[in-house]
Amino acid sequence: MVLDNLGSSLRGSLDKLRGKSRLDEDDVQEIVKEIQRSLLSADVDVSLVMDLSDSIKTRALEEEPPGGTSARDHVLKIVYEELVGLIGESTDIPLESQTIMLAGLQGSGKTTTSAKMAWWFSKKGLRPAVIQTDTFRPGAYDQAKQMCERAEVDFYGDPDCDDPVQIARDGLEATEDAEVHIVDTAGRHALEDDLIAEIEEIESVVQPDLNMLVLDAAIGQGAKEQAQQFDESIGIGGVVITKLDGTAKGGGALTAVNETDSSIGFLGMGETVQDIERFEPNGFISRLLGMGDLKQLSERVERAMSETQAEDEDWDPEEMMQGSFTLKDMQKQMEAMNKMGPLDQVLDMIPGFGGGIKDQLPDDAMDVTKDRMRSFEVIMDSMTEEELENPRKVGASRVKRISQGSGQDEETIQELLEQHRMMEQTIKQFQSMGDGDMQRMMKKLQKQGGGGGGMGGLGGMGPF
Ligand SMILES: Nc1nc2c(ncn2[C@@H]2O[C@H](COP(=O)(O)OP(=O)(O)O)[C@@H](O)[C@H]2O)c(=O)[nH]1
Ligand SMILES: [Mg+2]
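Per chain, residue numbering runs from 1 following the sequence as it is written. Key to labels: chains lettered from A, ligands numbered from 1, both in the order written. Side-chain atom pairs in this predicted model are given and counted only at pLDDT of 80 or more, local residue features only at pLDDT of at least 70, and totals for whole chains, interfaces and linings cover all residues. Remark: hydrogens and water are excluded; side-chain values derive from all non-hydrogen atoms of the structure.

Under an unreviewed UniProt entry, the protein has the name Signal recognition particle 54 kDa protein and belongs to Haloferax mediterranei. UniProt positions are given in the numbering used here, feature names are shortened, and annotations may be inferred rather than shown by experiment. In the Catalytic activity (unreviewed entry) part of its UniProt record, the protein is described as follows: "GTP + H2O = GDP + phosphate + H(+)".

Here it is, written out as structure tokens:
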């Protein structure tokens, strides 16, 4: 995650302030140093880092904390506000008909992002189409077409045409029925004049409402020049940072955003069409500071749960959170989790889980792969209602019978039962959080999630 280091080291420094009501110069100095260190190692531009740390320092020392506020909360608020100022608002993406063109160097993730964004718009109820104008890279047509099939969105490309401007023109006509047009363009290994000329020509035909620059999170200080050049030629209104599921921290992209006065619109978090998130500065920084990204979380939970619930009217997640945890619940959990995306990303968004708690969970708890889920499903189909409700009753002889019935070996059945036990245990821990963190968190989720589908917020959060 972007600035992940900052999150943990800053949390460490801030925790040292616990119990203090006044800050001295040394306290502030230590925190500011921590912030500088992390931002610099994340490739954020040096002068930007200095500006930021100066204002945090000045404000922390000069501003009087409001009555009753601890020193820790006061600093936290200042750091938070300054970081919001640095990162800026999310790019405005209205949910209406529009044309968006993607620009960026080869390999930055444009084609992937165009399919992801189309998927995102389709989930928002709009009809998107992707127009693929890359005639430079062999295989670009097939790649884009396949991703759009996976995203179940309209697609236009022409593998026999080598004029990107012509393809753009034809594409707009062919996808007339779509509401949102996303135009994918070619890149090069480096910025070259002919690339700039080509993209300017496409832009004059397409006349996009928004040009977005797609940047790999791993880009370092080079982001600055790239962003400036694209900005000069077509005008950049928003940035997409891709590959944030990797180890890169994305500081270079932040630099670019600041240089061009644009903003971040989307984050790419993986290779599949669903691995896209709308950039949310507040939530993003909340997560960074270990406060949990409540808004994003509830959005994902809502979406996954409404899909899962639509498939099975009888299943009530709230009942599960209060009562016993059956194998049926587990199946629903796994389905919901798969829809939400990788579990550790989901966990990062839960308040309090971003830090150490996640590490205390057994590795296996995260390891609910699609294949495993499929065998588990086959096994569960061979189990009786009684066994599904009461998995503890499944002894050796029943395992043998289920194995014969499902064609799965006994070991896999034991694994399923073990997985269930593990999840049950975690759920119990969760339940026992009781009146403290847990309820606060559910309240927040309910408030922010808008209560769609009677979901009671966290009900669908999986065993966590
Ligand atoms: N892990 C990960 N890989 C990504 C992401 N976005 C793109 N990629 C991969 O990066 C490579 C280049 O992406 P592509 O969309 O072809 O870039 P383009 O040349 O700009 O169109 C492909 O292998 C993608 O699968 C992301 O968010 N996470
Ligand atoms: Mg491409």
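Residue proximity to a molecule or strand is established when one non-hydrogen atom of the residue lies within 4 Å of it. Close to ligand 1 lie 17 residues; Gly 107, Lys 110, Thr 112, Arg 137 and Asp 245 are nearest. With respect to ligand 1, the side chain of Gln 143 contributes an N or O atom lying 2.8 Å from an oxygen atom. When the free accessible area of ligand 1 is taken as 570 Å², the share hidden by the protein chains comes to 82%. Buried and open spaces are told apart on a 1 Å grid over the protein atoms alone, a cavity being a set of points where a 1.4 Å probe fits but cannot get out and a pocket being an open set with protein on both sides within 12 Å along at least five of seven lines. Residues with an atom within 4 Å of a point are the lining residues. To qualify as sitting in a cavity or pocket, a molecule needs more than half of its atoms within 2 Å of the grid points. Because more than half of its atoms lie within 2 Å of the grid, ligand 1 is assigned to the second largest pocket. Strands are runs of DSSP state E lasting at least two residues, helices are runs of H or I lasting at least four, and both sets are numbered from the N terminus onward. In terms of residues, the shell around ligand 1 owes the most to one element, helix H5 (residues 110–123), which gives 4 residues. By the criterion applied in these results, polar contacts are pairs of N or O atoms within 3.5 Å in which, for protein atoms, one can donate a hydrogen and the other can accept it, and in which residues neighboring in sequence qualify only through two side-chain atoms. All accessibility values rest on the Shrake-Rupley procedure with a 1.4 Å probe; residue burial counts only the protein chains present in the view.

Quick look at unusual backbone geometry now. A positive phi angle is found at Gln 207, which is not glycine, with a value near 50°. Within the secondary structure, Gln 207 sits in the loop between helix H8 (193–206) and strand S5 (210–216). The phi angle at Lys 243 is positive, at roughly 65°, despite the residue not being glycine. Following the sequence through the fold, Lys 243 ends up in the loop between strand S6 (238–242) and helix H10 (251–260).

Grid points are joined across faces, edges and corners, and a volume is the space filled by probe spheres set on the points. Of the volumes computed, that of the second largest pocket is approximately 410 Å³. Contributing to the lining of the second largest pocket are 24 residues, with Gly 107, Gly 109, Thr 112, Gln 143 and Lys 243 lying nearest its centre. Counting residues per element, the ones that place at least two in the lining of the second largest pocket are H5 and helix H6 (140–151). In terms of residue count, the dominant contributor to the lining of the second largest pocket is H5 (5 residues). Polarity classes work like this: nonpolar for Ala, Val, Leu, Ile, Met, Phe, Trp, Tyr, Cys and Pro, charged for Asp, Glu, Lys and Arg, and polar for all others, with Gly in that last group. The class makeup of the residues in the lining of the second largest pocket is 3 nonpolar, 12 polar and 9 charged.

All right, on to the pairing of S5 then. Taking burial as the measure, the 7 residues of S5 include 6 buried ones, the bulk of the element. Strand pairing is assigned whenever DSSP detects at least two bridges linking the two strands. Pairing analysis gives 4 bridges linking strand S1 (residues 98–103) to S5, with the strands arranged parallel. Paired with Ile 100 across the strands is Leu 210, a residue of S5. Only protein chains enter the calculation, and the probe is 1.4 Å; a residue is then buried if its accessible area is under 20% of its type maximum, exposed if over 50%, and partly exposed in between.

Take Thr 175: it is sitting in the loop between helix H7 (164–174) and strand S4 (180–184). For Thr 175, a relative accessible area of 6% translates into the label buried. For this analysis, residues touch if any pair of their heavy atoms sits within 4.5 Å. The contacts of Thr 175, once residues within four sequence positions are left out, are Ala 129, Ile 131, Tyr 156 and His 181.

Quick look at helix H19 (residues 396–406) now. Buried within H19 we find Val 399, Ile 402, Ser 403 and Ser 406. Buried residues along H19 cover an arc of 105° about the axis, so they all sit on one side. Exposed residues pointing more than 90 degrees away from the buried face of H19 are listed as Ser 397, Gln 404 and Gly 405. Gly 407 sits one or two residues past H19 and shows a positive phi near 75°. Directions drawn from the helix axis to the C-beta atoms are what define this arc.

Here we come to the sheet that holds strand S7 (residues 264–268). Paired through backbone hydrogen bonds, the strands of a sheet run either parallel or antiparallel to each other. Sheet architecture is open: 8 strands sit in the order S3-S2-S4-S1-S5-S6-S7-S8, paired in mixed fashion. Both outer strands of the open sheet, strand S3 (154–156) and strand S8 (276–278), are each paired with one neighbouring strand and no more. Adjacent strand axes in the sheet meet at a mean angle of 25°, parallel and antiparallel pairs treated alike. Relative to S7, S6 runs parallel, the two sharing 3 bridges. The residue of S7 that forms the bridge with Val 239 is Ile 264. To obtain each axis, a line is fitted to C-alpha atoms, and for helices this fit is confined to the stretch in contact; angles are then taken between N-to-C directions over 0 to 180 degrees. Sheet strands in contact with H8 are S1, S4 and S5, and its direction is about 175° off that of S1.

Here the focus is the packing of aromatic side chains. Two aromatic rings from Phe, Tyr or Trp, using only the six-membered ring of Trp, form a pair when their centres are within 6.5 Å; if the ring planes differ by under 30 degrees the pair is stacked, by over 60 it is edge-to-face, and anything between is tilted. Tallying each qualifying case throughout the model produces 3 aromatic pairs. Ring centres of Trp 120 and Phe 121 lie 5.1 Å apart, and the angle between their planes is 80°; this geometry places the pair in the edge-to-face category. Of the two residues examined, Trp 120 and Phe 121, each falls in the buried class. Two limits define a charge over a ring: the Lys NZ or Arg CZ must be within 6 Å of the ring centre, and within 35 degrees of the ring normal. Taking NZ or CZ as reference, Arg 278 lies 5.5 Å from the ring centre of Phe 266, over its face.

The next thing to look at is the pattern of salt bridges. One speaks of a salt bridge when a side-chain nitrogen belonging to Lys or Arg is within 4 Å of a carboxyl oxygen belonging to Asp or Glu. Taken as a whole and judged by the stated rule, the model has 10 salt bridges. One salt bridge connects Lys 243 with Asp 216, and the closest N-O pair in it is separated by 3.2 Å. With Lys 243 in the loop between S6 and H10 and Asp 216 in strand S5, this residue pair connects regions lying 27 residues apart in the sequence. The exposure class assigned to Lys 243 is partly exposed, which follows from its relative accessible area of 36%. Among the salt bridges present, the one from Arg 421 reaches Glu 418, with a minimum N-O distance of 3.2 Å. In this pair, Arg 421 and Glu 418 both sit in helix H20 (residues 410–432), 3 residues apart, roughly one turn of the helix.

Moving on, we come to the pairing of strand S2 (residues 128–132). The two faces of a sheet get side chains in turn, since along a regular strand they alternate between them. Within S2, 5 of the 5 residues are buried, leaving the element largely enclosed by the surrounding structure. Side chains Pro 128, Val 130 and Gln 132 of S2 all project onto a buried face; the interleaved residues Ala 129 and Ile 131 project onto the opposite face, where all are buried too. Summarising the sheet, S2 and S3 pair through 3 bridges and their orientation is parallel. Bridge pairing in S3 places Val 130 opposite Phe 155. With H6 bridging S2 and the parallel S3, this β-α-β connection has right-handed handedness. Whether a crossover is right-handed comes down to one check: with the strands pointing away from the viewer, does the path from the first strand over the helix to the second run clockwise; if it does, it is right-handed.

Nonpolar side chains (Val, Leu, Ile, Met, Phe, Trp, Tyr) within 5 Å and like charges within 9 Å form the patches, drawn only from residues with over 30% relative accessible area and no salt bridge. Charge counting follows a simple rule: Lys and Arg are positive, Asp and Glu are negative, and His as well as the terminal groups are ignored. Charge placement uses NZ in Lys and CZ in Arg. For Asp and Glu, CG and CD serve respectively. On the surface, a cluster of negative charge is contributed by Asp 409, Glu 410, Glu 411 and Glu 415. As for its position among the elements, Glu 415 is in helix H20. Classification of Glu 415 by relative accessible area gives partly exposed; the value is 34%.

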